[in-house]
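Commentary on secondary and tertiary structure
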Amino acid sequence: MEIDGYTIDESRLPRHVAIIMDGNGRWAKKRKMPRIFGHRTAMKAVRQAITTASDLGIEVLTLYAFSTENWKRSAEEVSGLMSLAIRYFLNEIKSMNDRDIRVRVIGDISGLPEKVQEAAHKMLADTADNQGMVLNLALNYGGREELVHAARKMAEAGLSPDQIDEAQIEKYLYTAGQPDPDLVVRTSGEKRLSNFLLWQIAYAEFIFDDILWPDFDASCFYKWIVEYQHRDRRYGGVK
Ligand code: FPP
């Protein structure tokens, strides 16, 4: 398919795309505005990413919205981000249902403020039967925390050492049953993973784009897919 000048092979789309949405603070700073203005503008980019991925037929989209380390930010910024999350969960249920998108929250939901938890649970319940794209919102998410959580759950389930293998661990991750990300993108020019999906990204392709997240639009997504489709994935083998 030809779109916005990009040629995309629909038979070789990544099944799962994961995005580290970075650069909101710098985007706002450039405009001499408070950081939260960057996060607010970022919500438009979040919507664009979701509609673009679902229109393309991506099976799973994961967005890194708040990490287990983001609590270190000012109380004002944290509460601003939490308010954005609440508003998102309560206001976007209809648009998720119109697109048949099933929303999941990955991360330690129990560590989020009560109101965020309630709004998240409503969004999850109201979209649970949808059959289209799965949207994972990573909130209070950390890759190491996810592995600790999985190990605890396995211990609780009384698994014996010989029952623990890769397939078993996968069942206890927040992303259980989902394909691993084929493509991980980080915006803003930073080249770090920042504790994102540590287990799941074993064979992912990475793209680091200089664009600041609030400037993201559909054409960025198409560009990333084209770049992904030029990669030679060997999974440790030879060709
Ligand atoms: C990184 O930019 C962005 C974040 C830590 C927050 C991203 C969150 C949103 C876009 C809101 C998402 C909410 C939902 C429910 C989808 P930064 O602040 O680290 O930017 P900087 O590196 O330029 O300072």
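Below is a short write-up of the structure.

Cut-offs and rules
- Residues numbered from 1 in each chain as written.
- Predicted model: local features only at pLDDT ≥ 70, side-chain atom pairs only at ≥ 80, totals over all residues.
- Heavy atoms only, no water.
- Pairing = 2+ DSSP bridges.
- Helix = DSSP H or I, 4+ residues; strand = E, 2+ residues; numbered from the N terminus.
- Axes fitted to C-alpha atoms, helices over the stretch in contact; angles between N-to-C directions.
- Contact = heavy atoms within 4.5 Å.
- Phe/Tyr/Trp six-rings, centres within 6.5 Å; stacked < 30°, edge-to-face > 60°.
- Buried < 20%, exposed > 50% of the residue type's maximum accessible area, 1.4 Å probe, protein only.

This part is about the sheet that holds strand β5 (residues 102–106). Spatial strand order, β5-β6-β4-β3-β7-β8: six strands in an open sheet with parallel pairing. In this open sheet, the two edge strands, each paired with only one partner strand, are β5 and β8 (205–208). If you compare each strand with its neighbour and ignore which way they point, the axes differ by 20° on average. Both strand β4 (residues 60–67) and strand β6 (residues 134–141) contribute to a ladder of seven bridges, which runs parallel. Considered in β6, the bridge of Leu61 is made with Leu135. The sheet strands contacting helix α2 (residues 35–56) are β4 and β6, and the helix crosses β4 at an angle near 160°. Its contacts with the sheet put helix α3 (residues 75–91) on β4, β5 and β6, and the angle it makes with β6 is roughly 155°.

Moving on: the packing of aromatic side chains. One pass over the full model with this rule turns up 13 aromatic pairs. Residues Tyr64 and Phe196 carry aromatic rings whose centres are separated by 4.3 Å and whose planes lie at 15° to one another, so their mutual orientation is stacked. On the criterion of sequence distance, the pair formed by Tyr64 in strand β4 and Phe196 in the loop between β7 (183–186) and β8 is long-range, its members being 132 residues apart. Of the residues examined, Tyr64 reaches a relative accessible area of 7% and is grouped as buried. The exposure class assigned to Phe196 is buried, which follows from its relative accessible area of 0%. Residues Tyr203 and Tyr235 carry aromatic rings whose centres are separated by 5.7 Å and whose planes lie at 55° to one another, so their mutual orientation is tilted.

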